[in-house]
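# Results of the structural survey
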Amino acid sequence: NSFPHAVTSILSLVGANFIIDRLSFKCSWFKKLVDGKPVVLIENGIINEVNLRKNRLTKPDLKEALRINGINDDLRKLSEDLYATLETDGKISLIH
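First things first, this report covers the structure right here in the doc. From a predicted model like this one, the values you see are computed outputs, not experimental measurements.

## Description of the overall build of the protein chain
Secondary structure summary: the protein chain contains four helices and four strands in total. Listing each helix as α and each strand as β along the protein chain from the N terminus yields α-α-β-β-α-α-β-β. With respect to the three principal axes, the spread of C-alpha positions in the protein chain is 60 × 35 × 25 Å. By residue count, 25% of the 96 residues in the protein chain fall in the buried class. Considering only contacts in the protein chain between residues 6 or more positions apart, those separated by 24 or more positions represent 46%. Total accessible area on the protein chain stands at roughly 7500 Å², and carbon and sulfur atoms take up 57% of it. Each charge class in the protein chain can be summarised by its mean position, and for the 14 positive and 12 negative side chains these summaries are 6 Å apart.

## Some remarks on the nonpolar core
Within the largest apolar cluster, 17 residues are counted, with the highest numbers of intra-cluster contacts made by Leu41 and Ile92. Every element with two or more residues in this core is listed here: strand E1 (39–43), helix H4 (59–68), strand E3 (83–86) and strand E4 (92–95). In contact with Ile92, not counting residues within four places along its chain, are Leu41, Asp61, Leu62, Ala65, Ala84, Thr85 and Leu86.

## Quick word on the side chain of Thr85
Tracing the sequence through the fold places Thr85 in strand E3. A residue is classified by how much of its surface remains accessible, and Thr85, at 17% relative accessible area, is buried. Not counting the four nearest positions on each side in its chain, Thr85 is found in contact with Pro38, Val39, Val40, Leu41, Lys91, Ile92 and Ser93.

## Here we look at the pattern of salt bridges
A side chain with one charge may pair with a side chain of the opposite charge, provided their charged atoms come close. Counted under the stated rule, the structure contains four salt bridges. A salt bridge links Lys31 to Asp35; the shortest N-O distance between them is 2.7 Å. With a gap of four residues between them, Lys31 and Asp35 both fall in helix H2 (residues 28–35), about one helical turn apart.

## Thoughts on unusual backbone geometry
You will see that Asn44, though not glycine, has its phi angle at about 55°, which is positive. In this fold, Asn44 is placed in the loop between E1 and strand E2 (46–47). Positive phi outside glycine occurs at Arg56, with the angle close to 55°. Mapped onto the fold, Arg56 is located in the loop between helix H3 (49–54) and H4.

## As for the sheet that holds E1
Read across the sheet, four strands follow the order E2-E1-E3-E4 without closing on themselves; strand pairing throughout is antiparallel. The sheet is open, and its two borders are formed by E2 and E4, each paired with just one other strand. When E1 meets E3, the two strands line up antiparallel, connected through three bridges. The residue of E3 that forms the bridge with Ile42 is Ala84.

Conventions and cut-offs
- Residues numbered from 1 in each chain as written.
- Predicted model: local features only at pLDDT ≥ 70, side-chain atom pairs only at ≥ 80, totals over all residues.
- Heavy atoms only, no water.
- Helix = DSSP H or I, 4+ residues; strand = E, 2+ residues; numbered from the N terminus.
- Buried < 20%, exposed > 50% of the residue type's maximum accessible area, 1.4 Å probe, protein only.
- Contact = heavy atoms within 4.5 Å.
- Areas by Shrake-Rupley, 256 points an atom, 1.4 Å probe, with all protein chains shown as cover.
- Lys, Arg positive; Asp, Glu negative; His and termini not counted.
- Charge placed at Lys NZ, Arg CZ, Asp CG, Glu CD.
- Core = buried A, V, L, I, M, F, W, Y, C linked by side-chain atoms within 4.5 Å.
- Salt bridge = Lys/Arg side-chain N within 4 Å of Asp/Glu carboxyl O.
- Pairing = 2+ DSSP bridges.

All we've got here are geometric facts, nothing functional implied.
Shown next, in the form of structure tokens:
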């Protein structure tokens, strides 16, 4: 019967999630390991192509984030005071 195997699998996942959550809460080094850290995508209006590639983001992804935040999405004419960061939750934050 596969039901006991399914229950065991579910309980294992829930248990692992609980342990990771507790360790993340109690140990800052573990939280950094699991969550990662924010990555700069645009700094002073200059796109960091290396960080885009490392995080498997495309220029259309970046343009979408700019449009959502009401910023002109012409990547050739970015403001010098524009910063974009890929946050640990996967969202792109913009500061201008």
